[in-house]
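Descriptive analysis of the structure
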2 protein chains.
Amino acid sequence: MKDAVEIIAEQFRRLPGIGIKSARRLAYFMLERPQEDVDTFLNTIKEARAHSCYCSICGNLSTSDPCPICSDDSRDQHTLCVVEQPPDVQAMEKSQEYHGLYHVLHGALSPLDGIGPEQLRIKELLHRLESSQVKEVIIATDPDTEGEATAYYLSRLIKPSGIKVTRIARGLPAGGDIGYADSITLAGAVQNRKEI
Amino acid sequence: MKDAVEIIAEQFRRLPGIGIKSARRLAYFMLERPQEDVDTFLNTIKEARAHSCYCSICGNLSTSDPCPICSDDSRDQHTLCVVEQPPDVQAMEKSQEYHGLYHVLHGALSPLDGIGPEQLRIKELLHRLESSQVKEVIIATDPDTEGEATAYYLSRLIKPSGIKVTRIARGLPAGGDIGYADSITLAGAVQNRKEI
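Every chain is numbered on its own, with residues counted from 1 as its sequence reads. Labels follow written order: the first chain is A, the first ligand is 1, and so on. Local features in a predicted model are, by the rule used here, given only for residues with pLDDT of at least 70; side-chain atom pairs are given and counted only at 80 or more, and totals for whole chains, interfaces and linings are based on all residues. No hydrogens and no water enter the side-chain calculation; it runs on all heavy atoms of the structure.

An unreviewed UniProt entry lists chain A under the name Recombination protein RecR, with Allisonella histaminiformans given as the organism. Its UniProt record gives chain A a comment under Function (unreviewed entry), which states: "May play a role in DNA repair. It seems to be involved in an RecBC-independent recombinational process of DNA repair. It may act with RecF and RecO." According to the UniProt record, the Sequence similarities (unreviewed entry) comment for chain A reads "Belongs to the RecR family." UniProt positions are given in the numbering used here, feature names are shortened, and annotations may be inferred rather than shown by experiment.

Copies overlap after least-squares fitting; the atoms used are the C-alpha atoms of residues with pLDDT of at least 70 in both. At an RMSD of 0.1 Å, chain B and chain A line up after a rotation of 180° and a shift of 0.0 Å along the axis. Interpreted geometrically, this transformation is the action of a two-fold axis. Closest approach to the rotation axis within chain B is made by the C-alpha atom of Leu42(B), at a distance of 3.0 Å. We call two residues contacting when some pair of their heavy atoms lies within 4.5 Å. Most of the interface of chain B is mirrored in chain A: 98% of its interface residues are interface residues there too.

A word on the nonpolar core. By convention a nonpolar core is built from buried Ala, Val, Leu, Ile, Met, Phe, Trp, Tyr and Cys residues, the set being connected through side-chain atoms within 4.5 Å. For every residue, the accessible area (1.4 Å probe, protein chains only) is compared with the maximum for its type, and the residue is labelled buried under 20%, exposed over 50%, or partly exposed between those bounds. Within the largest apolar cluster, 40 residues are counted, with the highest numbers of intra-cluster contacts made by Phe12(A) and Phe12(B). Broken down by secondary-structure element, the contributors of at least two residues to this core are α1 (4-13), α2 (20-32) and α3 (35-50) of chain A together with α1 (4-13), α2 (20-32) and α3 (35-50) of chain B. Setting aside its immediate chain neighbours within four residues, Phe12(B) contacts Phe12(A), Leu15(A), Phe41(A), Ile45(A), Ile18(B), Ala23(B), Leu26(B), Ala27(B) and Met30(B). Starting at the N terminus, helices and strands are each numbered in turn, a helix being any DSSP run of H or I of at least four residues and a strand any DSSP run of E of at least two.

Okay, the interface of chain B and chain A next. Contacts between the two partners involve 46 residues from chain B, matched on the other side by 45 residues from chain A. Around 4,100 Å² of area is buried between chain B and chain A when both sides are counted, 67% of it from carbon and sulfur atoms. Buried area: the sum, over both parts, of the accessible surface (1.4 Å probe) that disappears when the two are put together. Among the residues chain B hides against chain A, the three largest losses belong to Tyr28(B), Ile45(B) and Arg49(B). Together they make up 17% of the total. When a carboxyl oxygen of Asp or Glu is within 4 Å of a side-chain nitrogen of Lys or Arg, the pair counts as a salt bridge. Between chain B and chain A we count 0 salt bridges in total. Any N or O atom pair separated by 3.5 Å or less is treated as a polar contact, with the protein-specific requirement of one donor-capable and one acceptor-capable atom, and with residues adjacent in sequence counted only for side-chain atom pairs. At the boundary of chain B with chain A, the tally comes to 14 residue pairs in polar contact (both at pLDDT 80 or more).

A separate point is the sheet that holds strand β4 (residues 101-104) of chain B. All names here are of chain B. At least two bridges found by DSSP between two strands are what make those strands a pair. What the 4 strands build is an open sheet, ordered β4-β3-β5-β6; its pairing is parallel. Looking at the sheet topology across the chains shown, the edges are occupied by β4 and β6 (164-167). On average, each strand axis in the sheet is inclined to that of its neighbour by 25°, with strand direction left out of account. Two elements, strand β5 (residues 136-139) and β6, share 4 bridges in a ladder whose sense is parallel. If you follow Val137 over to β6, its bridge partner there is Val165. Docked against the sheet, helix α5 (residues 122-130) engages β3 (79-83), β4 and β5, running at close to 150° with respect to β4. Relative to β6, helix α6 (residues 145-158) is tilted by about 170°, and along the sheet it contacts β3, β5 and β6. Axis definition: a line fit to C-alpha positions, over the contact stretch in the case of helices; interaxial angles, taken between N-to-C directions, run 0 to 180 degrees.

Another point: the sheet that holds strand β6 (residues 164-167) of chain A. All names here are of chain A. Taken in spatial order, the 4 strands line up as β4-β3-β5-β6 in an open sheet, and their pairing is parallel. Of all strands in the sheet, those with a lone pairing partner are β4 (101-104) and β6, marking the two edges. Taken over all neighbouring pairs, the strand axes of this sheet differ in orientation by 25° on average, direction set aside. Bridge count for strand β3 (residues 79-83) against β4 is 4 bridges, and the pairing is parallel. Its bridge partner lying in β4, Val83 is registered against Val104. Across the sheet, helix α4 (residues 86-95) touches β3 and β4, and the angle it forms with β4 is around 155°. The sheet strands contacting helix α6 (residues 145-158) are β3, β5 (136-139) and β6, and the helix crosses β6 at an angle near 170°.

Rendered as structure tokens:
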């Protein structure tokens, strides 16, 4: 039989951001911790996963359907923020700058990876806009090639319906250093300059 | 119910070397991967752990008792290398410089943490030396305070029996830079200098 350390390390290696050394350290941890701790670790993941689902309205991960945000009437029902993935919703919520609704696409357009409009929750978005009070759609896809393409595609789809479409600003990150900023970011920051 | 992401992230946070951001990323991974992948991950850890045990002779992690190294007659039965933890055995084996037997202490003396000789596999070591053909004990505990204290303690215990006791050398690591070496390492490297 193959070494238990290597068998477990191989599983950890498949997780994002875990290299071979970390994977081995985690494997030893799993083998040397008390049985109880390891059981708690494994069962908690299993159960949390079993109790989680995607909200049928916004597509975000949730423990209820509709999710707490979609069912919260106190949120601004007139703005809808479109993001690529569930963690993006969490990041937006943490910024405390946005109080409207969300729509999670579950990806961005990437023809080379075979991801076209049908692979994303775009049909659901359009359907949702038809029967809602949304007046502004804020497109908060990532500021990379795929995210920008998706933003452009969506704006062309939505604008004809008369709904305002905006894109979150490109600019320098907080704590950034102009001398070390890449030129695309800096160009975006200049284009998006504001009078003060 | 608490957010599934946070529940899983909390579990990952307890693992060594996983910060809050990595823990969240891993939690999303566990929630968004296909059920099959997650089940494989959880079951593999569970099963590999269930099939693993400590060798009753050397104390190393193994899938059999005695472990493959202790049961391998072709290994040098006259030298015994004492290490702190199971990963140390793996590191020694990878160096391909040592072909004898091992003894894993499962720790190092650390009175402040309540770890005295009784908490380590020292009684087992002495017992093993009494009834073996071992002529040299190589102490390969870590080159830190606890490891050095343990090495000194063991050498005083073992030497009276006439068995040779050696300590792995302190020196500069391969690829190291003398200008950046700490002074304890450098002092050790000078003390351990060899004629060339």
